Amino acid sequence: MAAAMQPRAERAEEAALTYPFATIPGPGEVFNVAGEPGGRVRWLRMKLPFALDHINLWLLEDEIDGTPCWTVIDCGVGNEPTRAAWETIFDAELGGKPVKRVIITHAHPDHVGNAEWIRARYAGHGCMLTATAGEYFWSRIMCHGMSGFDNEAQVAHFRRNGLPPALCDEIERGRKRYYQSLVPSVPDAFVRMRDGDTLTIGGRSWLVYCGYGHSNEHASLYCPALDIVISGDMLLPRISTNVGVWPNEPQGNPLKWFLDAITLYERMPRGVLVLPSHGRLFRGARERVAQLRAHHDERLAETLAACDRPASAGDIIPVMFQRELDAHQSTFAIGEALAHLHFLRAAGKVSSATGADGVIRFVKT
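Computed from a predicted structure; not experimentally measured.

Reading the values: the criteria
Residues numbered from 1 in each chain as written. Predicted model: local features only at pLDDT ≥ 70, side-chain atom pairs only at ≥ 80, totals over all residues. Heavy atoms only, no water. Helix = DSSP H or I, 4+ residues; strand = E, 2+ residues; numbered from the N terminus. Expected span 1.5 Å × (residues − 1). Buried < 20%, exposed > 50% of the residue type's maximum accessible area, 1.4 Å probe, protein only. Contact = heavy atoms within 4.5 Å. Core = buried A, V, L, I, M, F, W, Y, C linked by side-chain atoms within 4.5 Å. Phe/Tyr/Trp six-rings, centres within 6.5 Å; stacked < 30°, edge-to-face > 60°. Pairing = 2+ DSSP bridges. Axes fitted to C-alpha atoms, helices over the stretch in contact; angles between N-to-C directions. Parallel < 35°, antiparallel > 145°, perpendicular 65-115°, else oblique. Nonpolar A, V, L, I, M, F, W, Y, C, P; charged D, E, K, R; others polar. Arc of directions from axis to C-beta. Polar contact = N/O pair within 3.5 Å; in protein donor to acceptor, adjacent residues only side chain to side chain.

Chemist: Looking at this structure, I do not really get the environment of Lys256. What am I missing?
Modeler: Inspection of the secondary structure puts Lys256 in helix H8 (residues 254-261). Sequence-wise, Lys256 and Met193 are 63 residues apart; in three dimensions their C-alpha atoms are separated by 24 Å.

Chemist: What is the right way to read helix H10 (residues 285-306) from this model?
Modeler: One turn of an α-helix holds 3.6 residues; hence residues three or four places apart share an orientation. For H10, with 22 residues, the first-to-last C-alpha span of 32 Å sits near the 32 Å given by 1.5 Å per residue. Those residues of H10 lying buried are Ala285, Arg288, Val289, Gln291, Leu292, His295, His296, Arg299, Leu300 and Thr303. Next to the buried residues of H10 lie H8, helix H9 (263-266), strand E12 (273-276), strand E13 (282-283), helix H11 (313-320) and helix H12 (327-346).

Chemist: Hey, could you run me through the nonpolar core in this one?
Modeler: Considering soluble globular proteins, one finds that nonpolar side chains tend to be buried as a cluster. Counting 48 residues, the largest nonpolar core has Leu163, Leu235, Ile262, Tyr265 and Ile317 as its most contacted members. At the level of secondary structure, the elements contributing two or more residues to this core comprise helix H5 (151-160), helix H6 (165-174), H8, H9, H10, H11, H12 and strand E15 (360-364). Not counting residues within four places of it along the chain, the set of residues in contact with Ile317 comprises Leu163, Leu325, Ser330, Ala333, Ile334 and Ala337. With 39 residues, the next largest nonpolar core counts Met46, Trp70, Ile118 and Phe190 among its residues.

Chemist: Please clarify how unusual backbone geometry should be interpreted in this entry.
Modeler: In most cases, non-glycine residues show a negative phi, while peptide bonds are predominantly trans. Even without being glycine, Asp65 reaches a positive phi, approximately 55°. Here Asp65 lies in the loop between strand E3 (54-64) and strand E4 (67-73). Owing to a relative accessible area of 73%, Asp65 belongs among the exposed residues under this scheme. With a phi close to 55°, Arg177 is a non-glycine residue in the positive phi region. On the secondary structure map, Arg177 appears in the loop between H6 and helix H7 (178-182). Since its relative accessible area comes to 55%, Arg177 is described here as exposed.

Chemist: Looking at this model, I keep getting lost on the packing of aromatic side chains. Mind explaining?
Modeler: Here a ring pair, both rings aromatic, is described through the centre-centre distance and the interplanar angle of the planes. Summed over all chains, the structure comprises eleven aromatic pairs. Ring centres 5.4 Å apart and planes at 85° place the aromatic pair Phe90 and Tyr122 in the edge-to-face group. Of the two residues, Phe90 sits in helix H1 (residues 80-93) while Tyr122 sits in the loop between helix H3 (115-121) and strand E6 (128-131), which places them 32 residues apart along the sequence. Residue Phe90 shares its accessibility class with Tyr122, and that shared class is buried. Arranged with centres 6.3 Å apart and planes meeting at 85°, the rings of Trp246 and Phe332 form a pair that is edge-to-face. Remark: Phe332 occurs in helix H12 and Trp246 occurs in the loop between strand E11 (228-232) and H8; sequence separation between them is 86 residues.

Chemist: How should the sheet that holds strand E9 (residues 204-211) be read in this particular structure?
Modeler: Adjacent strands of a sheet pair through backbone hydrogen bonds, lying either parallel or antiparallel. If you walk across this open sheet you meet the six strands as E8-E9-E10-E11-E12-E13, and the pairing is mixed. The outermost strands of the open sheet, each flanked by one partner alone, are strand E8 (198-201) and E13. The sheet contact formed by E11 and E12 spans four bridges and is parallel. Looking at E12, one finds that Ile228 is bridged to Leu273.

Chemist: Can you help me understand the packing of H10 against H12 in this one?
Modeler: Geometrically, a packed helix pair is captured by the angle between its two axes and the distance between the axes. Relative to each other, H10 and H12 sit at 80°, their axes nearing to 10 Å. In terms of their interaxial angle, H10 and H12 are classed as roughly perpendicular. Across from His296, Arg299, Leu300, Thr303 and Leu304 in H10, the residues of H12 making contact are Glu336, His340, Leu341, Phe343 and Leu344. Looking at the contact of H10 with H12 residue by residue, the class counts come to five nonpolar, three polar and two charged.

Chemist: Just to check I follow, could you spell out H11 for this structure?
Modeler: Inspection of H11 places Ala313, Gly314, Ile316, Ile317 and Met320 among the buried residues, and these make up the whole buried set. Burial along H11 is one-sided: seen end-on, the buried residues are contained in an arc of 150°. In this fold, the buried residues of H11 make contact with H10 and H12. Sitting at the amino-terminal end of H11 is Ser312, which places a side-chain oxygen 3.3 Å from the backbone nitrogen of Gly314.

Below you can see the structure in the form of structure tokens.
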């Protein structure tokens, strides 16, 4: 479940953003990005088995119940190469201090995949998972493959929305227990964080801000003292975060929720350092929000134009994504197409109806 897709090359001006780190962490490397010893924020990068081939992860020096320790924020997919990379970090970078807290920004596999593995590894030190309720319970539901949240429900959703039958057949064959293959287990208990909460990490206050549209209750963490925000997937420097409609919420309007949520970054100090889950660390949050709004305005205009005649979400995919997509990418593309169609429908610009073939189509009002 990749974090984001890029419908086409972004036309944003690179000069609008600045990148304070000229290099990125290599395998087994950790970069200090803020703070002093005892309260440092450290950046590491893990590989992903997707087209989006990496994730940025964060180690924060901490003290919990009087014990010097570490907090991990996000943890990569639950496979052996990622765990081997973590073992290298644990051996070389922790200075003998345990991990006592794992925080996830959200429940997608590249963020939660190793949460239980790390928790169990440091269970003797009282390590716990911290998450929003929406993300914790989503990860539990997906990991256990509950009816309505499984591959069968997804494929039925794709068929209703006009994804070509051959692609649906390929997805049906090839993605059984897909989530579980990347998230083998999820902790049985967690510590809840909510929008507006303050977490104390490394002696500093981190404010919790929840965002929507990309996932159920995505948490970003802002530290005013350091003027940095761990944005997760809500704000990325070069690609537009995937925003999709999924079978468990088939009438949702996630694009509106996402665009509403990113106003948060317009209110932050102009020089705030953004620590995204993918891409390079950057400054220019307000400029990036403006770029994303312009990007979605363009996609909405193209989608509306394509609805001069009845069009399914499957028909909209080649309008929005002007390149060949594989089956995995198509699952995100159809969710994205539906998100734009539902935004237009909520604005009264298109209506929808189900045809005799069982496919939902949208047309200009």
